[in-house]
Protein chains: 2
Amino acid sequence: MSSGKIGAARADVLRDVRRKPGPCAQWDSEETNFIREILDLVGDKWSVLIIGTLAEGPLRYSDLADAIPGISQRMLTLTLKHLQRAGLVNRTAYAEVPPRVEYSLTDLGTSLLSTVLDLAAWSANHHDEIRDRQRAFDAEATPRK
Amino acid sequence: MSSGKIGAARADVLRDVRRKPGPCAQWDSEETNFIREILDLVGDKWSVLIIGTLAEGPLRYSDLADAIPGISQRMLTLTLKHLQRAGLVNRTAYAEVPPRVEYSLTDLGTSLLSTVLDLAAWSANHHDEIRDRQRAFDAEATPRK
DNA sequence: CAGAATCCTCAGAGATACTG
DNA sequence: CAGTATCTCTGAGGATTCTG
């Protein structure tokens, strides 16, 4: 579909994307899908953690389970399948006597990693500030109680 | 809390974050919260759209509703409140006869915008590639039917 | 106009047990 | 080891109606 016209720029992406004339600029439903699509991919609870864990190199299923405390087998399997389906991770099964399966980032996954890292960096940078503001907001909303 | 040690770098953020020794590097639960926190903030269905819409300038409630097709009043109100609580958007109410309320990005919100735009750009750039891979994956999984 | 309040639904996600 | 198969439950999110 129409990917070229948007991809080039960075700061102008959304400006470029919202161009509907009228009383107020409107999102095109096709264009919101770009955002929605990637959000469905990495906006969930585990995808980013998996991608981040795989950043250092290939890992086996059980290694991932150990590296990401709290994830259930179901969610690990499911999320890996989503990421694999989207082409972000590779699944390599070795036909050995104790079965061995390794997951690794694809080039596509690696390219996403860097922008995800920016988000993580922003998150770490403004973590304290956000918590403070939230606290202040809650204090104002609930004077006493 | 510990924000300085992580914030400086970019590409090393997650490497820096996951440092637990042992059989395999493990996420610290406190550190996963950084990611989780920002994901809860912008990983949902509407936050990014709202932030992107406000990028061009302040808008009223009804303007936002018009600019973001498909959003319900409930979700618009709720998401705005979340973003306001986190200090990403300002809410300015004018005491006029027809009530007027304007929402705008704070500096914090603007700083997040640029990294979110990167994500949107990545999404737009790789949209086609991902769809192709997903199609191929599905075709392989379901030979015929 | 700018929401608040309610009701309802169905995917996301956890726990557990089983299998090639 | 590397998953699959169920069962269940919570809560994000939509539709609708009411209000300052």
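Residues numbered from 1 in each chain as written. Chains lettered and ligands numbered in written order. Predicted model: local features only at pLDDT ≥ 70, side-chain atom pairs only at ≥ 80, totals over all residues. Heavy atoms only, no water.

S.K.: Report on the protein's contact with DNA strand C, specifying residues and quantitative values.
M.R.: The local shell around DNA strand C holds 19 residues, among which Arg74 and Met75 of chain A together with Ser62, Arg91 and Tyr103 of chain B are the closest. For DNA strand C, the backbone makes up 59% of the atoms found within 4 Å of the protein, where backbone means sugar plus phosphate. Contact between DNA strand C and Gln73 of chain B: a base nitrogen at 3.2 Å from a side-chain N or O atom of the residue. Within the side chain of Tyr103 of chain B, a nitrogen or oxygen atom sits 2.6 Å from a phosphate oxygen of DNA strand C. In terms of residue count, the dominant contributor to the surface near DNA strand C is helix α6 (residues 73–85) of chain B (four residues). Along the lines of polarity and charge, the residues of the surface near DNA strand C split into seven nonpolar, five polar and seven charged. (Near = heavy atom within 4 Å. Polar contact = N/O pair within 3.5 Å; in protein donor to acceptor, adjacent residues only side chain to side chain. Helix = DSSP H or I, 4+ residues; strand = E, 2+ residues; numbered from the N terminus. Nonpolar A, V, L, I, M, F, W, Y, C, P; charged D, E, K, R; others polar.)

S.K.: Talk me through the relation of the copies chain A and chain B; I want residue IDs and the actual numbers.
M.R.: For the pair chain A and chain B, the relating rotation is 180°, the translation along its axis is 0.0 Å, and the fit reaches an RMSD of 0.2 Å. Classification of the inter-copy transformation places it as that of a two-fold axis. Relative to the rotation axis, the C-alpha of Gly43 of chain A is the closest in chain A, positioned 2.2 Å from it. A share of 99% of the interface residues of chain A reappears at the interface of chain B, consistent with the copies meeting face to face through the same patch. (Least-squares fit on C-alpha atoms with pLDDT ≥ 70 in both. Contact = heavy atoms within 4.5 Å.)

S.K.: Explain the nonpolar core to me, using residue names and the numbers behind them.
M.R.: Judged by nonpolar contacts, the single largest core of 70 residues is most densely connected at Leu88 and Leu112 of chain A together with Leu88 and Leu112 of chain B. Ignoring anything within four residues of it in the chain, the contact list for Leu112 of chain B reads Leu119 and Trp122 of chain A together with Ile38, Val42, Ile51 and Leu88 of chain B. (Core = buried A, V, L, I, M, F, W, Y, C linked by side-chain atoms within 4.5 Å. Buried < 20%, exposed > 50% of the residue type's maximum accessible area, 1.4 Å probe, protein only.)

S.K.: Report on the sheet that holds strand β1 (residues 59–60) of chain A, specifying residues and quantitative values.
M.R.: All names here are of chain A. Across the sheet, which stays open at both edges, the three strands sit in the order β1-β3-β2 with antiparallel pairing between neighbours. The open sheet has two free edges, formed respectively by β1 and β2 (89–94), since each of these has just one partner strand. Sheet topology places β1 next to strand β3 (residues 100–105); two bridges connect them, and they run antiparallel. Residue pairing for β3: Leu59 is matched across the bridge by Tyr103. Lying over the sheet, helix α4 (residues 47–54) contacts β1, β2 and β3, oriented at roughly 95° with respect to β3. (Pairing = 2+ DSSP bridges. Axes fitted to C-alpha atoms, helices over the stretch in contact; angles between N-to-C directions.)

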